[in-house]
Amino acid sequence: LLFAEKPLLRAVFGTAGAAARGEISGDAVQQFCSAAAAQMILCDGMGTGRPAAVDGNLAAELTARLLKAGFTAELAARLVNVALALKSDEESGATLDLVSVDLYTGTARLFKAGAAPGFLVHGGKARAVGEASLPVGILGGVSGQSRVVHLAAGDYVVLVSDGLLVDGPGWVMQQLELSAAKAEQPDVLAKKLVEAARARAVQRGRPDDITAAVLRLENS
């Protein structure tokens, strides 16, 4: 028998996506909980269609397996970088965006390599996090960014692919604050974000794969 203290928080996940063309998206999402932490991963393969989907899913699946095995985000990113570089003679690359939330303390560790800005909603206020960097699989090393924040019950973490930000982050933060005020479930929020971004992309004539992955913390 293994006895463990019950976590103070629990994670509720939601995700939604739309492919740029057809039904195959280059974005891939992994969401799962370990005994003490909630993990969420979003990888965006370079380009669109099947080749991008292969890279995105490889990066997301391998990252998830490494995290479950106990690897840190930084080390997992290095190994994924090598895997993409060795996959074929053609250039392969994918963004890597992940968050790990300690369900005992609410401490969230974010790691980004080439990923679009993500969003945090804390105390009902939304803010963007993350800056531009190169995807994994492009260079011999990984240029990633790490950040630690503290969250509480009722807070959201939202990871998005760059296709969702065709009109910038302003409208996204407005929607996040409206949804947080209503305590909307993550799957509802993710669907709203993707549908609104899809409409904006059609108006601008700039189709791209669009994905939103949402994590909401609740009292256990």
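Quick note: structure is the one above.
Draft legend 1. Inspection of the overall build of the protein at higher detail. When you go through the protein residue by residue, the secondary structure sums to 4 helices and 10 strands. Of the regular secondary structure in the protein, the N- to C-terminal order runs β-β-β-α-α-β-β-β-β-β-β-α-α-β. Taken over the C-alpha trace, the protein has a radius of gyration of 17 Å; the compact-globule value for 220 residues is 17 Å, and the two agree within 12%. Across its three principal directions, the C-alpha atoms of the protein cover 50 × 45 × 30 Å. Taken across its 220 residues, the protein has 47% of its residues classed as buried. If you take every contact in the protein between residues at least 6 apart in sequence, the share linking residues at least 24 apart comes to 71%.

Draft legend 2. Helix H4 (residues 186–204), seen in detail. Compared with the 27 Å implied by 1.5 Å per residue over 19 residues, the 27 Å span of H4 between its first and last C-alpha is a close match. What H4 keeps buried is the set Pro 186, Leu 189, Ala 190, Leu 193, Val 194, Ala 197 and Ala 201. Axial view of H4: buried residues confined to an arc of 125 degrees, hence all on one face. Turned more than 90 degrees away from the buried face of H4, the exposed residues are Val 202 and Gln 203. In the core, the buried residues of H4 are packed alongside strand E1 (9–18), strand E9 (156–160), helix H3 (170–181) and strand E10 (210–219). Downstream of H4 by a residue or two, Gly 205 has a phi angle that is positive, lying close to 70 degrees.

The rules behind these values
- Residues numbered from 1 in each chain as written.
- Predicted model: local features only at pLDDT ≥ 70, side-chain atom pairs only at ≥ 80, totals over all residues.
- Heavy atoms only, no water.
- Helix = DSSP H or I, 4+ residues; strand = E, 2+ residues; numbered from the N terminus.
- Rg over C-alpha atoms; globule rule 2.2 N^0.38 Å.
- Buried < 20%, exposed > 50% of the residue type's maximum accessible area, 1.4 Å probe, protein only.
- Contact = heavy atoms within 4.5 Å.
- Expected span 1.5 Å × (residues − 1).
- Arc of directions from axis to C-beta.

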